[in-house]
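Next come the chains, spelled out residue by residue.
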Amino acid sequence: NAALRHKFKPFVLGVLEAYQRLPGTPKTQLILSLDRKDPLHFFPIIEEVALSPLGHLLVGVDFCSVEEGFPPKGLAAFLKRFKRFNEVNPDRALALVYHVGESFNDKSLESAIRWVVEAALAGVNRLGHAIALGIDPAHFAPHERSELVSERRDQIAYDLQFQDGLTRHGVRIDESALRRELQALSTRPDDERIVCIYDEKRLRAFGRRQDFAAEQIAKTQAIIEVCPTSNRRIGGILNDGHHPIQRFAKWGLPFVIASDDPGLFGVTLSEELERACQMLGWSTSEKQ
């Protein structure tokens, strides 16, 4: 079957009818993208469509486009209703696709990994791109970036929650220092920015954090969507050895290959599959 992603519009029934009339095989199904700002606004219509005679063509909902400014924790209210719908209507249950860790220049590398973990632990079925999770730390030279005070607070809470696992992977967690920092940040505005300085030592720790994150995600049933061309261009990945697919395979995480936006990037799914096999050293006929 082929699953196509389509931006949500109120006339979605007409869209479904149009897809149903598409000739030939494979059977075409649809995933509808919701607005990250207010996903609950149109979700009642999604529920209605899913339970309609054409509802079997609707297989999931998706959050794509700009991820900056929309942390996974903001999905809490939506996820509550989404999970309730699936529990009550198991024969029309919807999958959840969430693009995360694709573009992360607005935050620390640590927070970018955390967002991917938070999405997986929240029950997302398919993680879009997750570049931050798998990109080789060697891709980054020493540099500076910044993030919001609110993100730093959330990162400290994450480090304290998972300090045993992070420590086991070689990440140094100074609990006392973190609690002092958290106290100091409690009086600073959420939207104030903090500078994060990355040297070689911190980049090596970033890699160990990725190992821990992969371990956590492996405990879920989340599948990663890998788009070789899109990942390289959006992530600025010039060295195929730094592409996240290398580490996804090393960790044994399940992933699928997609073309993201073939009209924009000028690639076909067949070309993306061939590219992925080349990066992994697989034969194009090899079954994985």
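Not measured: the values here are computed from a predicted model.

(A) Spotlight on the packing of aromatic side chains. Tallied over the full model, the rule gives ten aromatic pairs. Here the aromatic residues Phe43, Phe63, Phe78, Phe82, Phe85 and Tyr98 are joined through ring pairs into a cluster of three or more.

(B) Here's a closer look at helix α2 (residues 43-50). Three or more residues of α2 are buried, namely Phe43, Ile46, Glu47, Val49 and Ala50. Along the long axis of α2, the arc covered by the buried residues comes to 165 degrees, so they all point the same way.

(C) Region of interest: the state of the cysteines. Scanning the model with the defined rule gives zero disulfides in all. Free cysteine: Cys227, not disulfide-bonded; nearest cysteine sulfur from Cys64 at 11 Å. A relative accessible area of 0% places Cys227 in the buried class.

(D) Region of the structure containing the packing of α2 against helix α3 (residues 76-88). As a packed pair, α2 and α3 sit with axes 12 Å apart at the nearest point and diverge in direction by 10 degrees. Here α2 is positioned roughly parallel relative to α3, judged by the angle of their axes. Contacts between α2 and α3 involve Phe43, Pro44, Glu47 and Ala50 from the first element and Phe78, Arg81, Phe82 and Phe85 from the second. Here the contact of α2 with α3 is built from residues that sort into six nonpolar, no polar and two charged.

(E) Representation of helix α6 (residues 149-161). Compared with the 18 Å implied by 1.5 Å per residue over 13 residues, the 18 Å span of α6 between its first and last C-alpha is a close match. Most of α6 is tucked away: ten of the 13 residues are buried. Taken as a whole, α6 has its buried residues at Val149, Ser150, Glu151, Arg152, Arg153, Gln155, Ile156, Tyr158, Asp159 and Leu160.

(F) Structural view of the environment of Ala157. Note that Ala157 resides in helix α6. Judged by relative accessible area, which is 41%, Ala157 ranks as partly exposed. Distance from Ala157 to Arg208, taken between C-alpha atoms, is 18 Å for residues 51 residues apart in sequence.

(G) View of the pattern of salt bridges. Per the stated rule, a full pass over the model turns up 18 salt bridges. Close ionic contact of Arg81 with Glu47 constitutes a salt bridge, the shortest N to O distance being 2.7 Å. Residue Arg81 is located in helix α3, and its partner Glu47 is located in helix α2; the two are separated by 34 residues in the primary sequence. Note on Arg81: relative accessible area 36%, which makes it partly exposed. Glu118 is paired through a salt bridge with Arg114; the nearest N and O atoms lie 3.3 Å apart. With Glu118 and Arg114 both in helix α4 (residues 109-121) and four residues apart, the pair spans about one turn of that helix. Look at Glu118 and you get partly exposed, because its relative accessible area is 24%. Judged by relative accessible area, which is 1%, Arg114 ranks as buried. Through salt bridges with shared partners, a single ionic network connects Arg114, Glu118 and Glu151.

(H) Seen up close, the packing of helix α10 (residues 228-235) against helix α13 (residues 269-280). Between α10 and α13, the shortest axis-to-axis distance is 8 Å and the interhelical angle comes to 75 degrees. The pairing of α10 with α13 is recorded here as roughly perpendicular in orientation. Between α10, through Pro228, Thr229, Ser230 and Arg232, and α13, the contact on the second element is made entirely by Glu272, Arg275, Ala276 and Met279. Considering only residue class, the contact of α10 with α13 consists of three nonpolar, two polar and three charged.

(I) Main features of the nonpolar core. Within the largest apolar cluster, 67 residues are counted, with the highest numbers of intra-cluster contacts made by Phe78, Leu127 and Leu133. Per-element accounting of this core gives the leading share, eight residues, to α4. Every residue in contact with Phe78, bar those within four places of it in the chain, is listed here: Leu34, Pro39, Leu40, Phe43, Val61, Phe63 and Leu96.

Rules used throughout
Residues numbered from 1 in each chain as written. Predicted model: local features only at pLDDT ≥ 70, side-chain atom pairs only at ≥ 80, totals over all residues. Heavy atoms only, no water. Phe/Tyr/Trp six-rings, centres within 6.5 Å; stacked < 30°, edge-to-face > 60°. Buried < 20%, exposed > 50% of the residue type's maximum accessible area, 1.4 Å probe, protein only. Helix = DSSP H or I, 4+ residues; strand = E, 2+ residues; numbered from the N terminus. Arc of directions from axis to C-beta. Disulfide = S-S within 2.5 Å. Axes fitted to C-alpha atoms, helices over the stretch in contact; angles between N-to-C directions. Parallel < 35°, antiparallel > 145°, perpendicular 65-115°, else oblique. Contact = heavy atoms within 4.5 Å. Nonpolar A, V, L, I, M, F, W, Y, C, P; charged D, E, K, R; others polar. Expected span 1.5 Å × (residues − 1). Salt bridge = Lys/Arg side-chain N within 4 Å of Asp/Glu carboxyl O. Core = buried A, V, L, I, M, F, W, Y, C linked by side-chain atoms within 4.5 Å.

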